Each structure stands twice: as C-alpha cells, then as structure tokens.
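Listed here are the chains, written in short residue letters.
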Amino acid sequence: MNGFENKDLDEDSFGEKSSLSGLKTFDAFPKTKASYTTPSHRGGQWTVLILLICTVFGFHELKTWWKGTEQHHFSVEKGVSHQLQLNLDIVVNMPCDTLRVNIQDAAGDRILAGEMLKRDPTNWNLWMQKRNFESHGEHEYQTLSHEAEDRLDAQEKDAHVHHVLGEVRHNARRKFAKGPRMRWGDTPDSCRIYGSLEGNKVQGDFHITARGHGYNEMSPHLDHSAFNFSHMITELSFGPHYPSLLNPLDKTIAESESHYYKFQYFLSVVPTLYTKGKGALDAYTRAPGAAASRSGRNTIFTNQYAATSQSGAIPETPYLVPGIFFKYNIEPVLLLISEERTGFLALLIRLINTVSGVLVTGGWIYQISGWATEFIGRRRRGRSEGVLTGKHYSD
C-alpha cells in the first residue's frame, strides 16, 4: 500500500538512485557504514601522528628532489689540451732577492716562473699575526699534520656540485687577496710570491730555491746560514682561478729550524668538470673541448689534486739542493660530477608511495596494538575474577 511491500527491508534500498548504479558491482574497495564505526581518542591521536609522519616524509622527498642527486663518472679526457694554469700565493721567510722560482717539466722546458709571478717584500711576523687573527675563522692556517675537523668538512663541501657552483657565483672576483700592509719600522725579511702562469700540461716540478743553488748562474752563492724556507701557502690550485674553493694545500703553514731543509709536496692532479643538469653533461659528451674550455652558469671546469708531503733536513752537500718543491703529475682521467633532478612525475610517484606506505604501516600497527591491548586486558580481568567453590567456612 505504501510502496514498500516489494522491498526486503534492505537499508540500501533507501539510498540515492543514480544512472551509474550499475558500476557498483565493479567497486573493489570495501566500505564501512558510518553507523558501524565508533570514533575514539586513541584513534584520533594516531591519525594526527600518521599525518605528521606523512608531512615530514613528504617534505624530505620534496627537499631531496629539489636538491637533486649527485653522480660521479670517470672518463678518459677527450680532446687535446696543451696548457695548464697554475695559481700560487705563498710567503717564504727569505728576502725576495735571495729566492729563485722556476718550473722544470717533463717536456724539458724550463719556465722562469719568477719573471711571471709577482713578488712583494713583506714581514714574516705580520703574516704570523694574520694567521693568529684568523685562527677563529672558517679556514685558518694549519699544518698538514694537524688538520682540524672543520677544515676537512670544508674540503668535503667543495667536492659537491651545489656548493661549488654557489661559491663561484657568489664570489665572482678572482683576484688575489691583499696581504698585511707594512708598517713604519717593519723589516722586509720575507717574500710573497703570487699570481697565475701558464705551463705545459705534463708532469712537472715547480720549485723555490735559494740564489746560486740548483742552477748555474753568475750570481754569488747565498750563505747557508741565511736559508730559511719556512713558508705559508695561501693558495695553490690548477686551472681557472677560484679563490673561494679550498684545496688541500690552501691555508697551510710549514716551519723549520734547520737552514738546510727540503720541503717536498707530491701532487696528483685530476681534471674535474662540475655540471648541474643532465643537459650540461650531454653537452660535454658531444663537444668535450668546448665544454672544458669555458665555464658557464651550470658548468665549472677545474682541477682537483691530492697532496702528500715528505720533508726533512738534508746534508750540506753540493749534490743536494734545499728549498720548496712541488712535484705534480697530471692524471689521464676526467672526473665528471653532475647534479641531476628527476622529473615531476617521478616526484609524484615517490610521494604517493611514501604516503601509502606510511598509511598502510600505521594501520597495521594500530590494529596490532589494539589487539595486544585487548588481549592483555582480558588476561588481567580473568585473573581478578573470583571462583565459587561451594565450600562454607565457619568460625
């Protein structure tokens, strides 16, 4: 009579009718009616915790995607290059007129580096005061045998593409920093040798010796008592001049109480190309010479090197020459360090996977913890209940 006599009193019969109701038969996602669920404080707290975890993981994935991933590739250096730029800024505790600076390479060429580099008379104590003043700075002068942890961390940062490109962009000036100014009454007992010069891209020996030692010249030999090859290296790098990057021998100091002393540094130079984006790496693969010859906004070509030291006093004989020797070797490989960022679709997939994993894991933990709590509660209630035995006790 009222139209419901043909119904089976099914609650779903009172729902909304739709022209797409036939698609309900293909619905693979189970639903729970709102009347069958009971909200609780524990469930609400767990939901808030899951949302916080999803937010933290989501921001982490977004940050990782924005920063990109760094990849290292080793390759044989393509193309032919003949020149190698050397950048040097060193202070030697001897007057400028007593020093000789030269380069002897494997090709047999002798480069009078002393004529290409600048020499400024200075005072050793002024540079020592500068060192003590910068002792609380980020990169202070240190000995190779006592490198601080912050210095090693700085060198580690300079091996990453993001940091290198940022330093080069923010420090566009490539000039050598000014040294401490000579004051009235200061004695110029030292020499600052600095500048950039071009040499052959082959194995070589850059050395600083005393006048009349190491080469035949008309000048009289310098007395051995005037030798003092203690030195402070502000910068030693190969390739384009990037003073903001910290190399292994930058900001190092070496002192000696012996006059006849030989400082030796063995350097292994590796050409390095920093690129940001996959396009820059492909550009080098297609045209290696053009990519290595110039640096752009997302491409920096330079050289890294590893250094070891072997120094000590030597006998005062004509066959042994004291001084400061940098023996460098050019490795025949090229290190490609590229920073690449995946597409937005890959980021979206990672976010969905992360959030889904957290939700599924959180749901399982919530159910298991609920079952465990219920089981422990039942056991406790079972122990607290008494048992009637039917026996009566009287006084």
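None of these values were measured; they are calculated from a predicted model.

## Examining the environment of H73
Take H73: it is sitting in strand β1 (residues 69-76). Along the backbone, H73 and L273 are 200 residues apart, and their C-alpha atoms lie at a distance of 9.9 Å.

## Regarding the sheet that holds strand β9 (residues 252-254)
Taken in spatial order, the five strands of this open sheet run β5-β6-β2-β8-β9, and their pairing is antiparallel. Of all strands in the sheet, those bounded by a partner on one side alone are β5 (118-122) and β9. Strand-to-strand twist in this sheet, taken as the mean axis angle between neighbours without regard to direction, amounts to 20°. Of the strand pairs in this sheet, strand β2 (residues 83-92) and strand β6 (residues 190-200) are connected by 10 bridges, and their pairing is antiparallel. Across the sheet, the residue bridging to D89 is Y194, located in β6.

## Thoughts on the pairing of strand β10 (residues 261-276)
Across the 16 residues that make up β10, a large majority, 12, are buried. Examined bridge by bridge, β10 and strand β12 (residues 312-313) share two bridges and lie antiparallel to one another. Across the sheet, residue Y261 finds its bridge partner in β12, namely A313. Judged from the eight bridges that link them, β10 and strand β13 (residues 323-330) form a sheet pairing that is parallel. Opposite F266, over in β13, you have K327 as the bridge partner. In the sheet, β10 pairs with strand β11 (residues 299-309) via 11 bridges, with the strands oriented antiparallel.

## Quick look at the side chain of T354
Mapped onto the secondary structure, T354 falls in helix α8 (residues 344-384). What makes T354 buried here is its relative accessible area of 18%. In terms of polar contacts, T354 uses its side chain to reach the backbone carbonyl oxygen of R350, at 2.7 Å. Beyond its immediate sequence surroundings of up to four residues, T354 is in contact with F57 and E61.

## Concerning the state of the cysteines
Applying the stated criterion to the full structure yields one disulfide. Between the sulfur atoms of C96 and its disulfide mate C191 the distance is 2.1 Å. An S-S torsion of about 100° defines the bridge between C96 and C191 as right-handed. In this pair, C96 sits in the loop between β2 and β3 (99-105) while C191 sits in strand β6, placing the two residues 95 residues apart along the sequence. Among the residues examined, C96 registers a relative accessible area of 13% and is labelled buried.

## Looking at a nonpolar patch on the surface
A grouping of F344, L345, L348, I349 and I352 is seen on the molecular surface, where their side chains present a nonpolar patch of about 510 Å² in accessible area. One can find L348 in helix α8.

## Describing the packing of aromatic side chains
Counted under the stated rule, the structure contains nine aromatic pairs. Arranged with centres 6.3 Å apart and planes meeting at 40°, the rings of W46 and Y366 form a pair that is tilted. Placement of the pair is W46 in helix α1 (residues 41-67) and Y366 in helix α8, with a sequence separation of 320 residues. For W46, a relative accessible area of 25% corresponds to the partly exposed category.

## Some thoughts on α1
With 27 residues, α1 ought to run about 39 Å at 1.5 Å a step, and its terminal C-alpha atoms sit 39 Å apart, in line with that. Along α1, the positions that sit buried rather than exposed are G43, I50, C54, G58, E61 and W65. Phi for G68, located one or two positions after α1, is positive at around 85°.

## Looking at unusual backbone geometry
Notably, K251 is not glycine yet its phi reads approximately 55°, a positive angle. With respect to the helices, strands and loops of the structure, K251 is situated in the loop between β8 (231-238) and β9. With relative accessibility at 17%, the residue K251 sits in the buried group.

Procedures and definitions
- Residues numbered from 1 in each chain as written.
- Predicted model: local features only at pLDDT ≥ 70, side-chain atom pairs only at ≥ 80, totals over all residues.
- Heavy atoms only, no water.
- Helix = DSSP H or I, 4+ residues; strand = E, 2+ residues; numbered from the N terminus.
- Pairing = 2+ DSSP bridges.
- Axes fitted to C-alpha atoms, helices over the stretch in contact; angles between N-to-C directions.
- Buried < 20%, exposed > 50% of the residue type's maximum accessible area, 1.4 Å probe, protein only.
- Polar contact = N/O pair within 3.5 Å; in protein donor to acceptor, adjacent residues only side chain to side chain.
- Contact = heavy atoms within 4.5 Å.
- Disulfide = S-S within 2.5 Å.
- Patch = residues over 30% accessible without salt bridge, like charges linked within 9 Å, V, L, I, M, F, W, Y side chains within 5 Å.
- Areas by Shrake-Rupley, 256 points an atom, 1.4 Å probe, with all protein chains shown as cover.
- Salt bridge = Lys/Arg side-chain N within 4 Å of Asp/Glu carboxyl O.
- Phe/Tyr/Trp six-rings, centres within 6.5 Å; stacked < 30°, edge-to-face > 60°.
- Expected span 1.5 Å × (residues − 1).

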